[in-house]
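# Architecture at a glance
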Amino acid sequence: MIRLGIIGATGSIGEQAIGVLNSNRGRFHLKFATAHTRRSELELLTCNHGSHGVPELFVTSEIGSQPVLDAIHLENIDLLLVASEGVSGLEYTYAAANAGVPVALANKESLVLGGHILMPIFAEMGGGSQMFGGVSGGGVSGVSGDTFGAMFGGAGTGAGTGAQIVRPGVIPVDSEHSAIFQSLMGQDTSSVAKIVLTASGGPFRKFTPSMMAGITREMALFHPNWSMGQKITVDSSTMMNKGLELIEARYLFDMPGDKIDVVVHGESIVHSYVVFKDGATIAQMGVPSMLAPIAFALGYPYRLETGLPTFDMLKYPTLSFEAPDTARFPALGLAQEALKVDSPCVYIGLNAANDMAVAGLLNDTIGYNDIARVVAHILDSEFLYKTDTGTIDGVQSLVDEVQHKSTQYMKRLR
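Here is a short report on the structure shown in this document. Computed from a prediction, not measured in an experiment: that's the story for all the values here.

### Description of the overall build of the protein
Counting its secondary structure elements, the protein contains 17 helices and twelve strands. Counting every position in the protein, which comprises 414 residues, the buried fraction comes to 55%. For the protein, restricting intrachain contacts to residue pairs at least 6 apart in sequence, the fraction spanning at least 24 positions comes to 71%. Accessible surface, the protein as shown: approximately 16700 Å² in total, 51% of it carbon and sulfur.

### Let's talk about the sheet that holds strand β5 (residues 103-105)
Taken together, the six strands give an open sheet; going across it, the order is β3-β2-β1-β4-β5-β8, and neighbouring strands pair in parallel fashion. Every interior strand has two partners, whereas the edge strands, β3 (56-59) and β8 (170-172), have only one. Here the average twist between neighbouring strands, direction ignored, is 20 degrees. As defined by bridge partners, strand β2 (residues 28-35) adjoins β3 across four bridges and the pair is classed as parallel.

### So, the sheet that holds strand β12 (residues 281-285)
Spatially, β10-β9-β11-β12 is the arrangement adopted by the four strands of the open sheet, whose pairing is mixed. The sheet is open, and its two borders are formed by β10 (260-264) and β12, each paired with just one other strand. If you compare each strand with its neighbour and ignore which way they point, the axes differ by 20 degrees on average. Sheet analysis places strand β11 (residues 270-276) next to β12, joined by five bridges and oriented antiparallel. Paired with Val275 across the strands is Thr281, a residue of β12. This element, helix α12 (residues 240-252), spans β9 (192-199) and β10 of the sheet and lies at about 150 degrees to β9.

### Section: the packing of aromatic side chains
One pass over the full model with this rule turns up eight aromatic pairs. For the pair Phe181 and Phe296, a centre-to-centre distance of 5.8 Å together with 75 degrees between the ring planes defines the contact as edge-to-face. A residue pair is termed long-range when its members are at least 10 positions apart, and Phe181 in helix α8 (residues 175-184) and Phe296 in helix α13 (residues 291-299) qualify at 115 residues. Considered together, Phe181 and Phe296 belong to a single accessibility category, that of buried residues. An angle of 15 degrees between the planes, with centres 5.4 Å apart, marks the rings of Phe311 and Tyr316 as stacked. The rings of Phe181, Phe296 and Tyr300 are connected pair by pair, giving a single aromatic cluster.

### Quick word on the pattern of salt bridges
What the rule picks out here adds up to 19 salt bridges. In this structure, a network of salt bridges that share partners links the residues Lys108, Asp174, Glu176, Lys242 and Glu245.

### Focus: the pairing of β11
The element β11 is extensively covered by neighbouring structure, given that six of its seven residues are classed as buried. Note that β9 and β11 share five bridges and pair antiparallel. For Lys194, the partnering residue across the bridge sits in β11 and is Val275. In this structure, the hairpin formed by β11 and β12 is closed by a connection of four residues, where Gly279 is found at a positive phi of approximately 95 degrees.

### Here we look at the packing of helix α1 (residues 12-23) against α13
One can describe the packing of α1 onto α13 by two numbers: an axis separation of 9 Å at closest approach and a directional angle of 65 degrees. By crossing handedness, the relation of α1 to α13 is classed as right-handed. On α13, the residues touching Ile13, Gln16, Ala17, Val20 and Leu21 of α1 are Leu291, Ile294, Ala295 and Leu298.

### Some remarks on the side chain of Glu109
Positionally, Glu109 belongs in helix α6 (residues 108-123). Discounting chain neighbours no more than four positions away, the residues touching Glu109 are Glu85, Gly86, Val87, Gly114, Lys231, Asn351 and Asp355.

### Details of the packing of α6 against α12
At a minimum axis distance of 9 Å, the contact between α6 and α12 shows a crossing angle of 20 degrees. The angle between α6 and α12 places the two elements in the roughly parallel class. As for how α6 packs across α12, the hand of that crossing is left-handed. For the pair α6 and α12, the contacting residues are Lys108, Leu111, Val112, Gly115, His116 and Met119 in the first and Asn241, Leu244, Glu245, Ile247, Glu248, Tyr251 and Leu252 in the second. Residue classes in the contact of α6 with α12 are distributed as seven nonpolar, three polar and three charged.

### A closer look at the layout of surface pockets
Each pocket or cavity is described by its volume, and for the second largest pocket that value is around 490 Å³. Lining of the second largest pocket is provided by 23 residues; of these, Gln284, Ala292, Arg303, Thr306 and Leu308 occupy positions nearest its centre. Those elements giving two or more residues to the lining of the second largest pocket turn out to be α8, β12 and α13.

The rules behind these values
- Residues numbered from 1 in each chain as written.
- Predicted model: local features only at pLDDT ≥ 70, side-chain atom pairs only at ≥ 80, totals over all residues.
- Heavy atoms only, no water.
- Helix = DSSP H or I, 4+ residues; strand = E, 2+ residues; numbered from the N terminus.
- Buried < 20%, exposed > 50% of the residue type's maximum accessible area, 1.4 Å probe, protein only.
- Contact = heavy atoms within 4.5 Å.
- Areas by Shrake-Rupley, 256 points an atom, 1.4 Å probe, with all protein chains shown as cover.
- Pairing = 2+ DSSP bridges.
- Axes fitted to C-alpha atoms, helices over the stretch in contact; angles between N-to-C directions.
- Phe/Tyr/Trp six-rings, centres within 6.5 Å; stacked < 30°, edge-to-face > 60°.
- Salt bridge = Lys/Arg side-chain N within 4 Å of Asp/Glu carboxyl O.
- Left-handed = near helix turned anticlockwise from the far one by under 90°.
- Parallel < 35°, antiparallel > 145°, perpendicular 65-115°, else oblique.
- Nonpolar A, V, L, I, M, F, W, Y, C, P; charged D, E, K, R; others polar.
- 1 Å grid on protein atoms, 1.4 Å probe; cavity = no way out; pocket = protein on both sides within 12 Å on 5 of 7 lines; lining within 4 Å.
- Points joined across faces, edges and corners; volume = space filled by probe spheres on them.

Shape descriptors only; they carry no functional weight alone.
Next comes the structure, spelled out in structure tokens:
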């Protein structure tokens, strides 16, 4: 039984994770769960988990983060799902890493802001393999031949035998990174020519430049394929979400920026793919649903019930792919430029400025097309390169400064 903690249980990812637990009773013991403000919803979501043990509940807006950090260290959990939005996710992910607790990561900010700090710690977990653990039994980096049987055949030889599960330090929950993770399983990463993240293109994929100029807050909060929170929905519409995912991929898979690419795939059936040096391409496909990557991260290395229908290729006889247009989606272009610089301070500035700009849009203090202007202004500012970001405190200090500078600049845009 997997002893699990969930950060952000009342958000979209958290609620779906609870659904995975409901579909796989007996596999999980939910030790604790958190929400930011929604206590009644948190209680309702977790009240049916008596068979998993009664979890502790934390509402962080009332108690702060310390009791949650204590729980991460003291509750003896096997896995922490970090599904909160925003900078707070970094604090919890860092605490888990230091406690030796593997993380199922659905919080982009953790790696975009702190990947340079976190990934060396995660690399020490699971026998030194930062991404590919499994059922232990010797072999390279704690991965045995039996592991790959478990990965590709379901239960494998380790199931039901009391074999120890060795999880990688971090398992991605984002559908794109989960797809890359799955496509790389059993592969020699030195043979990778390129990893390619697919993007739906959001609601404005077919908008002309003149149409882009008239986008409103309400229009940006609609997504044609995915049901998500407000912030990530706006990020998807600007394609900044994909830009942040590029940075995540750079850290997760230890790939240089010139080996990471984006293609627009409006149907959202191919969730991402890997191109190898021999010309082979391996992709992960499925209907647009977060249930599958959530279940994969929670149950790794075994596959769980999700309630999703079996994928039928015949229902999708035509799939389309196109290059992204950074003229219409300048936020993605800014992220691609940041990837070329490959500096933590640039990634931090990009993320923190975008956070403030999206909040400005949601609060009706700036317009939709001002989001990229705010980010570009911060990336062009000299102060960004003067902070030591080698510690979590240093990261937070730079985030605070970027937020302050972004707020000042947004006042000039009104």
